[in-house]
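Per-entry structural report
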Amino acid sequence: MPAPKKALRRSLTVTSAALTALALLSPTALAAPSPSTSPSATPPASMSGVGGARLGKPGTQVDLAGGAPVLPKDLTARSWIVADAESGDVLAAHNAHWELAPASTLKMLFADTLLPKWPKTTKRKVQVSDLAGIGSGSSMVGIKEEETYTVHDLWLGVFLRSGNDAVHVLSAMNDGVEKTVADMNAHAKELQAGDTTVVSPDGYDMPGQVSSAYDLTLFARSGLQKKDFREYASTVRAKFPGETKKDKKGKTSREPFEIQNTNRLLAGDTDVEVYPGIAGVKNGYTTNAGNTFTGVAEQGGKVLLVTVMHPAEDKHNEVYKETARLFDWGFRAAGKVRPVGELVRPRSATAASPSAEASGEAGGTGKGGAGTKPVAGAAAGDGAGGAGVAAGIAAGVLALLAGGAFLINRKWPLPDLVRRRTRP
């Protein structure tokens, strides 16, 4: 079913020149895993068949029809997948079910599991125990003990700076890391993500902790059902509470500092431009995982999800460059390739009413009033100056399609995603 003409006419051109200063950001957590956890460079001969038998086969799976463009020739990633975010059709894949270390892309599952638990305005005074057990070399947003943060602050820290400290505070609010890991594993099973085993909620390298390009794409697709998830994932920069300080007269103050998103396709870098239509989702890096990334983008009314895991490690920003090439291919190939599999629905998913699917609140995000205004579109004074830099998914492209015919033609329709806005 074609997208509305109005959405198709919207410009997808974005400018990245003003964002080159973001190049100094550190992408995500570093870790030093034990040698026993290092993955093999050779995929298994047989992998999971969830989503289709071809997705369980090693190597590249694609079924080109007449006029379809060939896949990029210079892909080095151990595993990748290109899928239609609306229909769930997998357009092409390479070792889609290979179980690999996920790094901070696992935070998508963490967010999808815990986001519904608290309103944004909920506050937490950080205890010493909240920050216990954070792995050496972890990426941090800068949370301080005995300081108070809102849940909104903490999620900004998770999505923008991939802060393992923010993950641990939220886990403490969820009765601890052990319970959070159990909740995440249970949610992975609900999503039919059978390649995933969670050991640490932040994605830090741990023996036995694995996921796959297929599962990470399931996590992104599920998370995008949630309004807050979409907003945080598309936020380019925001203000984060600093440390409380006291001057010589005994007067206290707490100045915020700016944090910026480490997703290079969203924020740009010296050798990576902002990708037209990008709206998230999450990047990651650890010693064991290499670079990992899942992204969602919209062009011409088509919404695609791409996940790339562990490309050649000696190339700067290669994970983003390969993702961009796969997005380019996917948008050109849409309608010209036969699907090689599908993204399965959650076990409990049932046909919902059009209004429920289009509301953008699937899964819920609590009742805090702060959750009603998109973070990516907030005024600079609110601490989210990334307003239009994220060339988010066009307003209404999906919500306006949520009629009866849409529900028939889409396996699990997404709600209205992050709106595209003009640059402030």
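Residues numbered from 1 in each chain as written. Predicted model: local features only at pLDDT ≥ 70, side-chain atom pairs only at ≥ 80, totals over all residues. Heavy atoms only, no water.

1. Topic: the confidence of the model for the protein chain
Residues of the protein chain with pLDDT of at least 70 account for 73%, and the chain-wide mean is 80. Segment residues 1–38: pLDDT under 50, and 92 contacts once partners within four positions in sequence are set aside and those in other chains are kept. Taken as a whole, residues 350–411 scores under 50 in pLDDT and shows 169 contacts with residues more than four places along the chain or in a different chain. (pLDDT = per-residue confidence, 0-100. Contact = heavy atoms within 4.5 Å.)

2. Observations regarding the packing of helix 2 (residues 107–114) against helix 4 (residues 164–173)
Viewed as axis vectors pointing N to C, helix 2 and helix 4 meet at an angle of 30 degrees, and their least axial separation amounts to 12 Å. By the angle class used here, helix 2 and helix 4 are roughly parallel. Handedness of the crossing formed by helix 2 with helix 4: left-handed. In this structure, helix 2 contributes K107, F110 and L114 to the contact, and helix 4 contributes N164, V167, L170 and S171. Across the contact of helix 2 with helix 4, the residue classes break down as four nonpolar, two polar and one charged. (Axes fitted to C-alpha atoms, helices over the stretch in contact; angles between N-to-C directions. Helix = DSSP H or I, 4+ residues; strand = E, 2+ residues; numbered from the N terminus. Parallel < 35°, antiparallel > 145°, perpendicular 65-115°, else oblique. Left-handed = near helix turned anticlockwise from the far one by under 90°. Nonpolar A, V, L, I, M, F, W, Y, C, P; charged D, E, K, R; others polar.)

3. Things to note about helix 2
For helix 2, the buried fraction is high: eight of the eight residues fall into the buried class. By the burial criterion, the buried members of helix 2 are K107, M108, L109, F110, A111, D112, T113 and L114. (Buried < 20%, exposed > 50% of the residue type's maximum accessible area, 1.4 Å probe, protein only.)

4. Quick notes on helix 4
Counting buried positions along helix 4 gives nine out of 10 residues, so the element sits mostly inside the fold. All buried positions along helix 4 are accounted for by N164, D165, A166, V167, H168, V169, L170, S171 and M173. Immediately beyond the C-terminal end of helix 4, within one or two residues, lies D175, with a positive phi of roughly 70 degrees.

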